[in-house]
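Read off the chains here:
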Amino acid sequence: MHIEEVSCPLCGEEEKTMEHLVLYCNFASHLWRSSRWGVMPVPESGGRMWNWVKFLWGLKDKGVDVNESSYYNLCLFPTPVICTTSLWSPPPEDWVKINCDVKVGSDSMCVVALARDHKESILWIASNILSFSDPLIGEAVACLLALESAVRGKLSFVIIESDSETVINTLKGLSSNWGITNYVTQCKKLLTLLTGCNFSFIFRSCNYAAHNVAKWAFNCNVAGMVDPSSIPSNLFYNDREV
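These lines cover the structure that appears in this document, whether it is placed above or below.

Parameters and conventions
- Residues numbered from 1 in each chain as written.
- Predicted model: local features only at pLDDT ≥ 70, side-chain atom pairs only at ≥ 80, totals over all residues.
- Heavy atoms only, no water.
- Helix = DSSP H or I, 4+ residues; strand = E, 2+ residues; numbered from the N terminus.
- Buried < 20%, exposed > 50% of the residue type's maximum accessible area, 1.4 Å probe, protein only.
- Contact = heavy atoms within 4.5 Å.
- Areas by Shrake-Rupley, 256 points an atom, 1.4 Å probe, with all protein chains shown as cover.
- Core = buried A, V, L, I, M, F, W, Y, C linked by side-chain atoms within 4.5 Å.
- Pairing = 2+ DSSP bridges.
- Axes fitted to C-alpha atoms, helices over the stretch in contact; angles between N-to-C directions.
- Polar contact = N/O pair within 3.5 Å; in protein donor to acceptor, adjacent residues only side chain to side chain.
- Parallel < 35°, antiparallel > 145°, perpendicular 65-115°, else oblique.
- Left-handed = near helix turned anticlockwise from the far one by under 90°.
- Nonpolar A, V, L, I, M, F, W, Y, C, P; charged D, E, K, R; others polar.

**A look at the overall build of the protein**
Scanning the protein from terminus to terminus reveals 8 helices and 6 strands. Starting at the N terminus, the α and β elements of the protein follow one another as α-α-α-α-β-β-β-α-β-α-α-β-α-β. Sorting the 242 residues of the protein into buried and exposed places 45% on the buried side. Taking the intrachain contacts of the protein between residues at least 6 apart in sequence as the baseline, contacts between residues at least 24 apart amount to 66%. Of the roughly 12,900 Å² of accessible surface on the protein, 54% is carried by carbon and sulfur atoms.

In structure tokens:
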């Protein structure tokens, strides 16, 4: 049967393949971002439908809560991500969680990205010194540093955590902020090089390890990939500021 119109009936921008309709269409992407799972397909990653189905089917085995209400309660309005505990939690198996923070000085600041796996082992720490001082931009640059380091390390599934709700909501497309537009654009370009990525807001009480390391790197003027063994171990506590 010859079909004249093959464009997506929802967005009209791409061919209506199964992958586009369910995973990558703008409408489908909005539904994924609004779901309570906190996971979403990455555009242009080349992921196939069956691979995504198998990934979702295995979430429960990876420690993700997949109760019935979470599976079927999709809505057009974003569900806020709320940290209900004062304790940092490790990512599911096969994922890497990267916590970000910034230490702001009078005329410079230091951004840090700290990566840990499901066993809570520190995989790497990335740091950068910036010759200007702006807290909001610093938080955005820290997330960009996390993504750059994840791509450089050839990671597939990452969770980026920051205690800046403004930056996280902008990265998730829930709000906009002109002051960090350039950094957010760079982050979204890097997303195409990952298989899966989730941005998550957390309270400072869950983010002390990144916060402590950022202060240490700022005071010691340390930039680049940092050997975790060169950092005092007490800085990695998540429940206290050092």
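**Some details on the nonpolar core**
Residues Ile 98, Leu 147, Val 158, Ile 160, Cys 197 and Phe 199 are the most contacted members of the largest nonpolar core, which totals 36 residues. Secondary structure elements with two or more residues in this core: strand S1 (96-104), strand S2 (109-116), strand S3 (122-130), helix H5 (135-152), strand S4 (157-162), helix H6 (165-171), helix H7 (181-191) and strand S5 (196-201). Top contributing element to this core by residue count: H5, with 10 residues.

**Focus on the sheet that holds S2**
With respect to topology, 6 strands assemble into an open sheet ordered S5-S4-S1-S2-S3-S6, the strand pairing being mixed. At either end of the open sheet lies a strand with only one pairing partner, and these are S5 and strand S6 (224-226). Each neighbouring strand pair of the sheet contributes to a mean axis angle of 20°, computed without reference to strand direction. With 6 bridges joining them, S4 and S5 adopt parallel strand pairing. Looking across to S5, one finds that Val 158 is bridged to Cys 197.

**Some details on the environment of Thr 170**
As for its position among the elements, Thr 170 is in helix H6. Judged by relative accessible area, Thr 170 falls into the buried class, the value being 6%. The spatial distance from the C-alpha of Thr 170 to the C-alpha of Phe 199 is 9.9 Å, given a sequence separation of 29 residues. With residues up to four places along the chain from it excluded, the contact list for Thr 170 reads Ser 175, Ser 176, Asn 177, Ile 180, Val 184 and Lys 188. Here Thr 166 takes part through its backbone oxygen, which lies 2.8 Å from a polar atom of the side chain of Thr 170.

**Things to note about the pairing of S4**
Summarising burial for S4: 6 of the 6 residues are buried, a large majority. In S4, alternate side chains face the same way, and those of Phe 157, Ile 159 and Glu 161 on one face and Val 158, Ile 160 and Ser 162 on the other are all buried. Direction of pairing for S1 relative to S4: parallel, over a ladder of 5 bridges. Paired with Ile 98 across the strands is Ile 160, a residue of S4.

**Points about the packing of H5 against H7**
In contact at an axis separation of 9 Å, H5 and H7 are set at 20° when each is read in the N-to-C sense. Relative to H7, the element H5 is oriented roughly parallel. As for how H5 packs across H7, the hand of that crossing is left-handed. Here H5 contributes Ile 137, Ala 140, Val 141, Cys 143, Leu 144, Leu 147, Glu 148 and Val 151 to the contact with H7, which in turn contributes Tyr 183, Gln 186, Cys 187, Leu 190 and Leu 191. Classifying every residue of the contact of H5 with H7 by side-chain character gives 11 nonpolar, 1 polar and 1 charged.

**Looking at the pairing of S5**
S5 sits mainly inside the fold: 6 of its 6 residues count as buried. Of the two faces of S5, both are covered, the one formed by Gly 196, Asn 198 and Ser 200 as well as the one formed by Cys 197, Phe 199 and Phe 201.

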